Amino acid sequence: MPVRANASTFAELQEAIDNIEGGRRRARKVLPFGVPAIDNRLPYGGLTYGAIHEIGGGGSDAVSGASSALFTAGIAARTTGKVLWCLTRTDLFVPGLAQAGLHPDRIIFAEADDEIGVCEAFEEALRFGGLAAVVGEMVRLPMDISRRFQLAAEKTGSLGLVLRRWRRQQEATDFGNPTAAATRWRVSPLPSEPLPVAGVGRPRWMLEMIRQRAGECFDVEVAACDAKGRMAEVRHDRGFGTRPFKRAMGW
């Protein structure tokens, strides 16, 4: 019978690999989500600094990028300091980022003419190492470019967040290609929290861990980021009122 390894086992294996590759063991700085259903499944109990993390939207969010952008903003909101956001399309709704905990006073926008400019700004910021987080909106993320980003983040201990923004639904198939990112997330919108009165409740997302280094894939339904960038796991009564994920997504 196969033995199912837990997150701590994966972390120990990853540390052993790091020792072989780097010669010395280094303490890893992490940014927890504060949601046990997520942190307990990540080898180090959160997102690792000194790495890049890839985030894309699922379903209708693949093109709009609203939920994935708010998820990214929530991560950056839980850091301390300035955040550089590199982009080509100026369609971000800044008050929405503030509702996810990322105040406009903390954001430095770097607008580029094309994606090459975004990549250059993103990599340079990672090499600088003096920012709380660096966000880069990109359509494509080839392995060689992602490897450069990863090496730059490792050198300075920066937190890099690659937000995949596709112009057409067909381009989202690129999300399946391998990259050097430490984690890959897909954020899909779900029906909002039901209220006892008329109105719109707190948004909900389906978070899918598509790939992570030294860890397993998983998915979890969460309430979207609040004004401090925090999420909460959504628990359903198995006996009443639960819809399967595939039905909720219209599959």
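The rules behind these values
Residues numbered from 1 in each chain as written. Predicted model: local features only at pLDDT ≥ 70, side-chain atom pairs only at ≥ 80, totals over all residues. Heavy atoms only, no water. Helix = DSSP H or I, 4+ residues; strand = E, 2+ residues; numbered from the N terminus. Buried < 20%, exposed > 50% of the residue type's maximum accessible area, 1.4 Å probe, protein only. Contact = heavy atoms within 4.5 Å. Areas by Shrake-Rupley, 256 points an atom, 1.4 Å probe, with all protein chains shown as cover. Lys, Arg positive; Asp, Glu negative; His and termini not counted. Salt bridge = Lys/Arg side-chain N within 4 Å of Asp/Glu carboxyl O. Expected span 1.5 Å × (residues − 1). Polar contact = N/O pair within 3.5 Å; in protein donor to acceptor, adjacent residues only side chain to side chain. Arc of directions from axis to C-beta.

Engineer: Just checking my understanding: could you explain the overall build of the protein for this structure?
Structural biologist: The helix and strand tally for the protein stands at eight helices and 11 strands. Counting every position in the protein, which comprises 251 residues, the buried fraction comes to 48%. Nonlocal contacts in the protein, meaning residues at least 24 apart in sequence, comprise 67% of its contacts between residues at least 6 apart. With the model as given, the accessible surface of the protein reaches about 13,200 Å², and the carbon-plus-sulfur share is 54%.

Engineer: Explanation requested: the side chain of R78 in the structure shown.
Structural biologist: Secondary-structure assignment places R78 in the loop between α4 (66-77) and β4 (83-87). No salt bridge is formed by the buried R78; the nearest opposite charge belongs to D39, separated by 6.8 Å. If sequence neighbours within four positions are ignored, R78 has contacts with L31, P32, F33, K228 and G229.

Engineer: Got a minute to help me understand helix α6 (residues 115-128) in this structure?
Structural biologist: It helps to recall that an α-helix has 3.6 residues per turn; residues three or four apart then point in one direction. Helix length check: α6, at 14 residues, gives a terminal C-alpha distance of 20 Å against a target of 20 Å (1.5 Å per residue), a fit within 8%. Packed against the buried residues of α6 are β3 (51-57), β4, β6 (133-138), α7 (143-156) and β7 (159-164). One side-chain oxygen of the residue at the start of α6 lies 3.2 Å from the amide nitrogen of I116, identifying that residue as D114. In the stretch just after α6, G129 is the one whose phi turns positive, near 80°.

Engineer: Can you walk me through α7 in this structure?
Structural biologist: Taking 1.5 Å of rise per residue, 14 residues should cover 20 Å, and α7 covers 20 Å from first to last C-alpha, within 8% of that figure. Those residues of α7 that fall on the buried side of the exposure criterion are I145, S146, F149, Q150, A152 and A153. Projected down its long axis, α7 carries its buried residues within an arc of 165°, all on one side. Pointing more than 90 degrees away from the buried face of α7 are the exposed residues D144 and K155. Contacts made by the buried residues of α7 are with β3, α6 and β6.

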